[in-house]
Amino acid sequence: MVRYRVRGGNALRGTAFVQGAKNAVLPMIGAALLAAEGRTVLRNVPLIEDVRRAIELAEAVGARVQFHEAERTLVIDASGVHTPVLPEEIASRFRGVILFVPALLHRVGEVIVEGVGGCNLGARNLDFHYNGYKRLGALVDEQESAIHIKAAGLTGATLYLDRPSHTGTENLIMAAALAQGTTVIENAALEPEVLDVIEMLRKMGANISGEGTGFITVEGVRELKAVEHTVMADRLDAGAFMMAAAITGGEVTLLGTSLEHLGVVRWKLEQMGVEFFQEGAVVHARRDGQLRPINVITDTYPGFATDLQPQLMAMAALAGGPSYIHERIFDGRFALARELNKMGARVEVNGSRAVVHGPTPLRGATVEAHDLRSGIALVLAGLAAEGETVIESGYRIDRGHADIAQRLRALGADVEREISPFA
Ligand SMILES: CC(=O)N[C@H]1[C@@H](OP(=O)(O)OP(=O)(O)OC[C@H]2O[C@@H](n3ccc(=O)[nH]c3=O)[C@H](O)[C@@H]2O)O[C@H](CO)[C@@H](O)[C@@H]1O
Ligand SMILES: C=C(OP(=O)(O)O)C(=O)O
């Protein structure tokens, strides 16, 4: 059992390194398995638990993987991929498992998904993925214990997503990349990570156009080759550090990121009183006076990222007036509210809307990380709280943020990661 212990009160100051993006590296590991020969080299790979699960899973299906951790470099030889089973004990621990489906369909002709993990945020359906595979010619059999997908070769088709699903877009592109003929994907996701994955697939030899427009065309090719690719910076990790500076009244310099990737998040943080200054790939963020209340609606990119909504909720607890949050992506992403309330916040939730009655001083408490982003939001709340905050279920934070305690300590925070022998 991992837990984080945070003693609040220090304004964060200094320089932080932004990690490689979790939501880009996971599909890239899936993409690497599409190459039947050679070795893929991924750079700027974050040392997070989801990457460790993805490595275990790639090995379970027959790939040979070396993780050079000090160099943040992953080497994947997928020539030995032979088994269709994505085993429950690994698959049920992270969402990225679904990103292995296209490669196994192409390489093995079938996939058995024994579980799908990831953050518990309410309904997380996969119907857009399955409908897409079916339109490309696969057979999908959804049983309670496992999902079985089979395909004797895929054929291009016109596909659509009811809404621009992030992993749905990546999966249908990967499925179409080696299908015979042309595939058009309508209502495709625009997230920067999706574009980075497309860039890697294009280097591998895929013929993809239209990314960033919502309409993607993929001309199938016969094979994809192993390549080298550097994973983009994690905008959610960068956002967490910006908000850590803001919530503590500090100032941070973030190396290797871009305000462009934040979309609307940037403007909302500015409205709350965060000042930004960008010099190339270096971003400075600091709080400018008292935090102001805010009105936020989460949306797909470039709208306000749902993965930064909990951190914003924590900040809103300290803002000078009521803030309104409308969560439109997930129907169960307000588990943070009751944990923040244990710390003295006043958050009222009504369905997909929440009102944060700020300002309320925060005080330390023992709280639970119900998912990755509510976990990091509680770390931020702890940094601004009086006294000590203990955040249980810290594994969920480790799924997506690398060395977070150490990186925050380098900015002057009092944070420790502890491993308890008691489960
Ligand atoms: C590994 C990864 O990249 N995870 C990210 C990805 O998750 P993920 O790709 O799972 O999220 P989606 O964009 O697919 O889901 C968004 C919404 O669409 C619904 N939906 C999705 C697919 C589908 O087949 N049917 C369906 O109904 C989901 O229930 C959810 O309500 O995007 C989310 C939304 O930005 C982020 O929070 C996650 O961090
Ligand atoms: C929801 C998230 O991740 P996943 O899709 O991997 O559960 C997240 O990164 O906040």
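The residue count restarts for each chain, going from 1 along the sequence in the order it is written. Whichever chain is written first is A, and whichever ligand is written first is 1; the rest continue in order. In keeping with the model being predicted, local features are shown solely for residues with a pLDDT of at least 70 and side-chain atom pairs are shown and tallied solely at 80 or more, while totals for entire chains, interfaces and linings include all residues. As a rule here, side-chain values cover all heavy atoms of the structure and leave hydrogens and water aside.

In plain terms, the rule: UniProt positions are given in the numbering used here, feature names are shortened, and annotations may be inferred rather than shown by experiment.
Identification of the chain as UDP-N-acetylglucosamine 1-carboxyvinyltransferase from Herbidospora galbida is taken from an unreviewed UniProt entry. Comment text from UniProt for the chain, heading Function (unreviewed entry), reads "Cell wall formation. Adds enolpyruvyl to UDP-N-acetylglucosamine." Per UniProt, the comment on the chain under Sequence similarities (unreviewed entry) is "Belongs to the EPSP synthase family. MurA subfamily."

### Quick notes on helix H8 (residues 235-248)
Going by this rule: Think of it this way: any DSSP run of H or I at least four residues long counts as a helix, any run of E at least two long counts as a strand, and we number them from the N terminus. Residue count minus one, scaled by 1.5 Å, sets the expected span of a helix. Relative accessibility decides the category of a residue: with a 1.4 Å probe and only protein chains considered, values under 20% of the type maximum give buried, values over 50% give exposed, and everything between is partly exposed.
Its 14 residues place the ends of H8 20 Å apart at the C-alpha level, agreeing with the 20 Å of an ideal helix rising 1.5 Å per residue. Along H8, 14 of the 14 residues are buried, which leaves the element largely enclosed by surrounding structure.

### Considering the sheet that holds strand S23 (residues 388-392)
Strands pair in a sheet through their backbones, by hydrogen bonds, and they do so in one of two ways: parallel or antiparallel. Cut-off, in case you're wondering: Only when DSSP finds a minimum of two bridges between them are two strands counted as paired. Each axis is a line fitted through C-alpha atoms, taken for helices only over the stretch in contact, and angles between the N-to-C directions span 0 to 180 degrees.
Here four strands make up an open sheet; going across it, the order is S22-S23-S1-S24 and the pairing mixed. Every interior strand has two partners, whereas the edge strands, strand S22 (366-368) and strand S24 (414-419), have only one. On average, each strand axis in the sheet is inclined to that of its neighbour by 20°, with strand direction left out of account.

### Some words on the site of ligand 1
To keep things clear, this is the line we draw: A single heavy atom is enough: if one lies within 4 Å of a molecule or strand, its residue is considered near that molecule or strand. Here a polar contact is recorded for every N or O atom pair within 3.5 Å, except that within protein the pair must consist of a potential hydrogen donor and a potential acceptor, and residues adjacent in sequence are included only if both atoms are side-chain atoms. Accessibility throughout is a Shrake-Rupley quantity obtained with a 1.4 Å probe, and a residue counts as covered only by protein chains that appear here. Both cavities and pockets are sets of points on a 1 Å grid over the protein atoms alone; in a cavity a 1.4 Å probe fits but cannot get out, in a pocket the set is open with protein on both sides within 12 Å along at least five of seven lines, and lining residues sit with an atom within 4 Å of a point. Each molecule is checked against the cavity or pocket grid, and it sits inside if more than half of its atoms lie within 2 Å of the grid points.
As a structural note, the neighbourhood of ligand 1 is formed by 18 residues, with Asp127, Ser165, Thr167, Asp307 and Ile329 the closest of them. At 3.0 Å, a side-chain N or O of Asn23 approaches an oxygen atom of ligand 1. Ala123 places a main-chain nitrogen or oxygen 3.1 Å from an oxygen atom of ligand 1. Burial of ligand 1 by the protein amounts to 90% of the accessible area it has alone, namely 740 Å². A molecule is said to occupy a pocket when more than half its atoms come within 2 Å of that pocket's grid points, and by this definition ligand 1 occupies the largest pocket. Contributions of two or more residues to the shell around ligand 1 are made by helix H5 (127-135) and helix H6 (166-177).

### Considerations on the pairing of S23
Note the cut-off: Handedness is read with the strands pointing away from the viewer; a crossover is right-handed when the path from the first strand over the helix to the second is clockwise.
Where strand S1 (residues 2-7) and S23 come together, four bridges link them in antiparallel fashion. Residue pairing for S23: Val6 is matched across the bridge by Thr389. By the bridge criterion, three bridges tie S22 to S23 in an arrangement that is parallel. Bridge pairing in S23 links Glu368 to Glu392. As a crossover connection, the stretch from S22 through helix H12 (residues 372-384) into S23 is right-handed.

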